[in-house]
Amino acid sequence: MGNDDLVKGLIRSGLIRSDAVKMAFSSVDRRYFVPPEQKKDAYLDTPLPTMDGQTISAPHMVAIMAEELRVESGMKVLEIGTGSGYHAAIVSRIVGPEGRVVSVERVPSLVEWGRANLRRAGIENVMVIKGDGSKGYHLEAPYDRIYYTAGSPDVPETVRGQLNEDGIILGVVGPARGTQRLVRYTKKGGRWEERTLTYCVFVPLIGELGY
Ligand code: SAH
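Small disclaimer: the values here were computed from a predicted structure and weren't measured. (Residues numbered from 1 in each chain as written. Predicted model: local features only at pLDDT ≥ 70, side-chain atom pairs only at ≥ 80, totals over all residues. Heavy atoms only, no water.)

A.B. asks: Quick one: what's the story with the site of the ligand, residue by residue and with numbers?
C.D. replies: Among the 26 residues in the neighbourhood of the ligand, the closest are listed as Ser84, Glu105, Asp132, Gly133 and Ile206. The side chain of Ser84 places a nitrogen or oxygen atom 2.6 Å from an oxygen atom of the ligand. Relative to its free-state accessible area of 580 Å², the ligand is covered by the protein chains to the extent of 100%. Here the residues of the shell around the ligand are counted per class, giving 10 nonpolar, 12 polar and 4 charged. (Near = heavy atom within 4 Å. Polar contact = N/O pair within 3.5 Å; in protein donor to acceptor, adjacent residues only side chain to side chain. Areas by Shrake-Rupley, 256 points an atom, 1.4 Å probe, with all protein chains shown as cover. Nonpolar A, V, L, I, M, F, W, Y, C, P; charged D, E, K, R; others polar.)

Here is the structure:
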C-alpha cells in the first residue's frame, strides 16, 4: 500500500474529480506528515492523531475540501489550523509556484512540526504563522480563498473581510464537540451566498472568536 493506492481509492470513490486535485494528491506523499509511530497507517483514508490531542484530517475530507474550494493556480489562500501541514501541502500544489498558502496554527509544537514536515516534503510556498487564526490573519490579507480545518461557532466578519471579491470561504460550523457542517461562503457583488456541502467532525477552533 502506497500513496498511489490512496489516490486511486479517492478517484474511484469520486471524491477526487479534477486533474489539479489529482496531481496535488499524487505529488504529496502523506508519509511525511504522520508521526513515526503512525507511518504504517499513512496511506489509510482515516484521520490520524498528532500531538496535543489534535488530528491530521482524513484524505477524503481534504479531497472534498480541495475540490469545493475551487482553488486555481497563482491564488493566495489562508488556512486556519496547520496541524501536520498535509492539507496545506495539497493546496500549495494546486496554487503552484506563483501562488501561496498562509497557514495559522495556535499550538507552538505543531507550528514547528508542521513546518518541518513541509520542509521534508519539499514544499516551499506555505508560510506557517504561529497565532490565533480565529481572527484570520490580516497581515497577509486579502486572500482569494480561506478555509478552516477546525470547527467554529461561525465565520466572523473580521475573517470575511480578509477575502477578495468573488472569493470563497470553506467554514466548519457547529459545536465544539459533535457534528459540524462544511459550509461554502461565496462573496459576489458585496453579497454572501451560503451553502451547506456536507457534515463533518473536526477538532474545535480554540481562540478569541472560536471556543
Ligand atoms: N490541516 C490539518 C488539520 C489540523 S486539525 C492537517 O492536515 O493536519 C486542526 C488544527 O487547528 C489543530 O492543529 C489545532 O491546533 C488548530 N487550531 C485550533 N484552534 C486554532 C486557532 N484559533 N488558530 C489556529 N489554529 C487552531
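Structure shown, so let's carry the discussion forward.
A.B. asks: Give me the lowdown on the pairing of strand E5 (residues 126-130), citing residues and values where you can.
C.D. replies: With 5 bridges joining them, strand E4 (residues 100-105) and E5 adopt parallel strand pairing. Looking at the pairing, Ser103 lines up with Val128 of E5. As a crossover connection, the stretch from E4 through helix H5 (residues 108-120) into E5 is right-handed. (Pairing = 2+ DSSP bridges. Helix = DSSP H or I, 4+ residues; strand = E, 2+ residues; numbered from the N terminus. Right-handed = clockwise from strand over helix to strand, strands pointing away.)

A.B. asks: Got a sec to walk through the pairing of strand E7 (residues 163-173)? Specific residues and values, please.
C.D. replies: In terms of burial, E7 is largely enclosed, as 8 of its 11 residues are buried. As paired elements, strand E6 (residues 143-148) and E7 share 4 bridges and run parallel to each other. The residue of E7 that forms the bridge with Arg145 is Ile168. Summarising the sheet, E7 and strand E8 (residues 180-188) pair through 6 bridges and their orientation is antiparallel. Across the sheet, the residue bridging to Ile168 is Thr186, located in E8. Here E7 folds back onto E8 in antiparallel fashion, the turn holding 6 residues, of which Gly174 has a positive phi close to 155°. (Buried < 20%, exposed > 50% of the residue type's maximum accessible area, 1.4 Å probe, protein only.)

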